[in-house]
Each structure stands twice: as C-alpha cells, then as structure tokens.
Amino acid sequence: MQQDRLSDWLVKHELVHRSLGFDCQGIEIVQIKTEDWDSIAVISYVYGYNYLRSQCAYDVAPGGFLASVYHLTRIEYDIDKPEEVCIKVFAPRNNPRIPSVFWIWRSADFQERESYDMLGILYYNHPRLKRILMPESWIGWPLRKDYIIPNFYEIQDAH
C-alpha cells in the first residue's frame, strides 16, 4: 500500500513520530511531537505534500491535551488518486503552543486563526494570529470541553 510512505521515510531518517493507523479511507494518521512539527512540516513539503487540504483542532478530553490536525495532500500531474496523510500534533492545555505552518502552506492562515479563536492554541510565528469568529473582547475558548458559558447572553426573538 502506498499510503505508508511518509511514515517509512520518517523511520528511515530517525525522525520521532507515532503511527496512529489508518482512517476509513486508508489515509495514514501520524502523531508528531510539538517541538518536531516545524521541521517535519518542512520535510513533508519537500517530500511532496504541497497542499494543506485542511487544518482543524479539537479538545481531546476535559483537562487533557489539545490537538491540531493537518490533512496534507501530494498533488502531482497524471495521478488519479493523490497521496494523503493526516498529521496530529498534541499540545498541553496549560501552554498550547504549536509552530505555525503559514510560511509553508499559506492556506493555514484562517484555519490556524480559527483554531486559536475557538481553542486557544497559540500558533507561534503566525503573522496575524488574532480572533476571527469571536469579538476581540471575548474571554475564554468556546470549544474547550471545560469552557464555562457566560450567563450574560440576551435571548432575542428570531422574529
């Protein structure tokens, strides 16, 4: 199967990672340490993953880690099914700092900003890391599982 080539390459070059298996579409899922993500992101781009299809983030568990997920695609001419990989980077809740990949894949711009806005993950070296959905004055990170909803909302009629 062609889908495990990135993981094999990382093993061959002694780069620390953890294989999390394959998803239902056969796409390899790889876990990378936060401190290794910037170099492995560059290596992935050089290796041929030239398109960041999506970036998202989620709260693993209340009080647990936050995860930033990158879906990378290798786009080449004359290929019917491009090779894809899913890379997960976990960050501790108390200091969720992950290197930004904006300088590698420009499509990460708004996606990393949304992850910051909703979960509070700081993507350092991002040129414009600020809230994108919530007002700048908003306190807290709404998609964290331990988020306490403020009780100052006004209920408005939809009429």
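The name given to the chain in an unreviewed UniProt entry is NAD(P)H-quinone oxidoreductase subunit J, chloroplastic, and the organism recorded there is Kaempferia galanga. Listed under Sequence similarities (unreviewed entry) in UniProt, the entry text for the chain is "Belongs to the complex I 30 kDa subunit family."

Caption draft 1: Fine view of the side chain of R93. When you line up the elements, R93 lands in the loop between β5 (83–91) and β6 (97–99). Residue R93 is classed as buried on the basis of its relative accessible area, which comes to 13%. At 2.7 Å, the side chain of R93 forms a polar contact with the side chain of D59. A polar contact is formed between the side chain of R93 and the side chain of D146, at a distance of 3.1 Å. Excluding residues within four positions of it along the chain, R93 makes contact with D59, A61, P62, G63, G64, L66, R144, K145 and D146.

Caption draft 2: Seen up close, the sheet that holds β5. Across the sheet, which stays open at both edges, the five strands sit in the order β1-β2-β5-β4-β3 with mixed pairing between neighbours. Of all the strands in the sheet, just β1 (18–22) and β3 (51–59) have a single pairing partner and so form its edges. Averaged over all pairs of adjacent strands, the angle between their axes in this sheet comes to 20 degrees, without regard to strand direction. Note: β1 against strand β2 (residues 28–32), three bridges, orientation antiparallel. For S19, the partnering residue across the bridge sits in β2 and is V30. The strands touched by helix α3 (residues 108–119) are β3 and β4 (66–74); relative to β3, the strand with the most contacts, the crossing angle is about 0 degrees.

Caption draft 3: Seen up close, the nonpolar core. Ranked by size, the top nonpolar core spans 26 residues in total, and within it I32, W37, Y70, L72, I87 and I98 carry the most contacts. Secondary structure elements with two or more residues in this core: α1 (5–12), β2, α2 (37–47), β3, β4, β5 and α3. Apart from residues lying up to four places away in sequence, W37 is in contact with I32, Y70, I87, V89, I98, P99, V101 and W105.

Quick notes on the rules
Residues numbered from 1 in each chain as written. Predicted model: local features only at pLDDT ≥ 70, side-chain atom pairs only at ≥ 80, totals over all residues. Heavy atoms only, no water. UniProt positions renumbered as here; feature names shortened; annotations may be inferred. Helix = DSSP H or I, 4+ residues; strand = E, 2+ residues; numbered from the N terminus. Buried < 20%, exposed > 50% of the residue type's maximum accessible area, 1.4 Å probe, protein only. Polar contact = N/O pair within 3.5 Å; in protein donor to acceptor, adjacent residues only side chain to side chain. Contact = heavy atoms within 4.5 Å. Pairing = 2+ DSSP bridges. Axes fitted to C-alpha atoms, helices over the stretch in contact; angles between N-to-C directions. Core = buried A, V, L, I, M, F, W, Y, C linked by side-chain atoms within 4.5 Å.

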